[in-house]
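# Observations on chain architecture
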Amino acid sequence: MTKHGAVVVPEDAVAAAAGGGRHFSFPPPRTAAMGGGGGGESCKKLAAQQIDLGAAAVVTSWLDSMKASSPRHRLMAPAVAAAGAGADAEHDEWMEKHPSALGKFEAVAAAAKGKRIVVFLDYDGTLSPIVDDPDRAVMTDEMRDAVRGVAARFPTAIVSGRCRDKVFSFVKLEELYYAGSHGMDIQGPTSTKDDSSVLCQPAREFLPMIEEAHAALEARVEGVIPGAKVENNRFCLSVHFRRVDERRWGAVLEATKAVLRGFPRLRMTQGRKVLEIRPSIRWDKGEALRFLLSNLGFDSSAAAGDGEEEDDAFPIYIGDDRTDEDAFRVLRARGQGAGILVTRFPKEETCAGFSLRDPTEVKDFLRKLAATAA
Ligand SMILES: [Mg+2]
């Protein structure tokens, strides 16, 4: 690595620029965080740019994609088991491109030196293991301690597809930012449960439509296909198929598509053993990351400018899902921080620069990170 702290890792997302000297306050000033002020304006503006994907978002390769992105499926797939040494070589090559964030911890810490670390954490599969019943995806006390330790030193946000209240009920830490519903419902640190510290809700107008779609999916998917579960995440819906017999995954897909034909302003994306239904607005975990950095006073346009006011953020984003790629992509585009993909399986494509194997490694990484700032 250089003296400026760049990590010598091929194609990683770690920036090399030296840290600036801008005053940093955490928690951020309340005036900027209340009532949709500050970054809230850009939130509304971006939300106005609605796109109409409608039926076009539904493509024939969905079923293959559902199977390919399911780790358990990959584990059990005879083709993978038979691949033997070939699979090992593929794994090694992937790990070279996306090395362990624990193994490269010193390099990451050196790159972050002098910068303002901001931590973004996905929930399911990152802080808690993926379990059959999504309502039981609790995190351990050890993990909570690790997150608390990081949040005591750096601004920390949970960015999840789940509804904000649900994620909070799992995490139970008031000092965090919570970006629920794939970032469409962002709240700052607060000890109150009301909406006074809500920072951004770009899809508010979609709420009645989402309620209606939720009822239809309950009746026509959950009520018909054994094991299917529809979760209302307030600004988006999740159709979980982790407990559905794999031979019926196609039925889940077809039934969900059939419901969505009645809601052309909603679109479908896919996560790990889940179909996600959300408003067709330009908003995702990447936009949430951008919004939160801006809200904390880090402006990417300053980084791209003449250098007079350097953006000295070092965002660390840890997630396991396809929807986290939007955030990894933003980090890569900004040339900032570190994207860390949580996976036990080498994946062909990710914009993350690093990897961790499972939530236990995430916990170890968070502990180390908190210790470096102690
Ligand atoms: Mg996840």
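Residues numbered from 1 in each chain as written. Predicted model: local features only at pLDDT ≥ 70, side-chain atom pairs only at ≥ 80, totals over all residues.

The name given to the protein chain in an unreviewed UniProt entry is Trehalose 6-phosphate phosphatase, and the organism recorded there is Leersia perrieri. We quote the UniProt Cofactor (unreviewed entry) comment for the protein chain here in full: "a divalent metal cation". (UniProt positions renumbered as here; feature names shortened; annotations may be inferred.)

Along the backbone of the protein chain there are 15 helices and 12 strands. Sequence separation of 24 or more characterises 65% of the internal contacts of the protein chain that already satisfy a separation of 6 or more. (Helix = DSSP H or I, 4+ residues; strand = E, 2+ residues; numbered from the N terminus. Contact = placed C-beta atoms within 7 Å.)

Another aspect to go through is unusual backbone geometry. Backbone geometry at Ser181 places phi at a positive 50°, although glycine is not the residue there. Mapped onto the fold, Ser181 is located in the loop between strand E3 (177-180) and strand E4 (185-187). Accessibility expressed as a C-beta count within 10 Å gives 28 for Ser181, which makes it buried. The residue Arg234 is not glycine, and still its phi comes out positive at about 70°. Tracing the sequence through the fold places Arg234 in the loop between strand E6 (229-232) and strand E7 (237-240). For Arg234, a count of 21 C-beta atoms within 10 Å corresponds to the buried category. (Buried ≥ 20, exposed ≤ 12 C-beta atoms within 10 Å, placed from the backbone.)

Before going further, it helps to examine the sheet that holds strand E12 (residues 354-356). Reading across the sheet, the 8 strands line up as E5-E4-E3-E2-E1-E10-E11-E12 and stay open at both edges, with mixed pairing between neighbours. Edge positions in the open sheet fall to strand E5 (198-200) and E12, since each of these has one partner strand only. Direction aside, the axes of adjacent strands within the sheet are offset by 20° on average. Two elements, strand E1 (residues 116-121) and strand E10 (residues 313-319), share 6 bridges in a ladder whose sense is parallel. Directly across from Arg116, in E10, lies its bridge partner Ala313. (Pairing = 2+ DSSP bridges. Axes fitted to C-alpha atoms, helices over the stretch in contact; angles between N-to-C directions.)

On to the sheet that holds strand E9 (residues 274-279). Reading across the sheet, the 4 strands line up as E6-E7-E9-E8 and stay open at both edges, with antiparallel pairing between neighbours. Each having just a single partner strand, E6 and strand E8 (266-271) make up the two edges of the open sheet. Ignoring which end each strand starts from, the neighbouring axes of this sheet average 20° apart. Two elements, E7 and E9, share 4 bridges in a ladder whose sense is antiparallel. Within the sheet, the bridge partner assigned to His240 lies in E9 and is Val274. This element, helix H10 (residues 207-222), spans E6, E7, E8 and E9 of the sheet and lies at about 165° to E6. Across the sheet, helix H11 (residues 249-260) lies against E7, E8 and E9, angled at about 160° from E8, the strand it touches most.

A few words on helix H12 (residues 285-295). Burial analysis of H12 places 10 of its 11 residues in the buried class, which makes it a mostly covered element. Among all positions in H12, only Lys285, Gly286, Glu287, Ala288, Leu289, Arg290, Phe291, Leu292, Leu293 and Asn295 are buried. Note on H12: the residue one or two positions beyond its end, Gly297, has a positive phi of about 100°.

What follows covers the environment of Asn232. Here Asn232 is to be found in strand E6. Under the C-beta neighbour-count criterion, Asn232 is labelled partly exposed, with 17 such atoms within 10 Å. Residues Asn232 and Arg162, spaced 70 residues apart in sequence, show a C-alpha to C-alpha distance of 8.2 Å.

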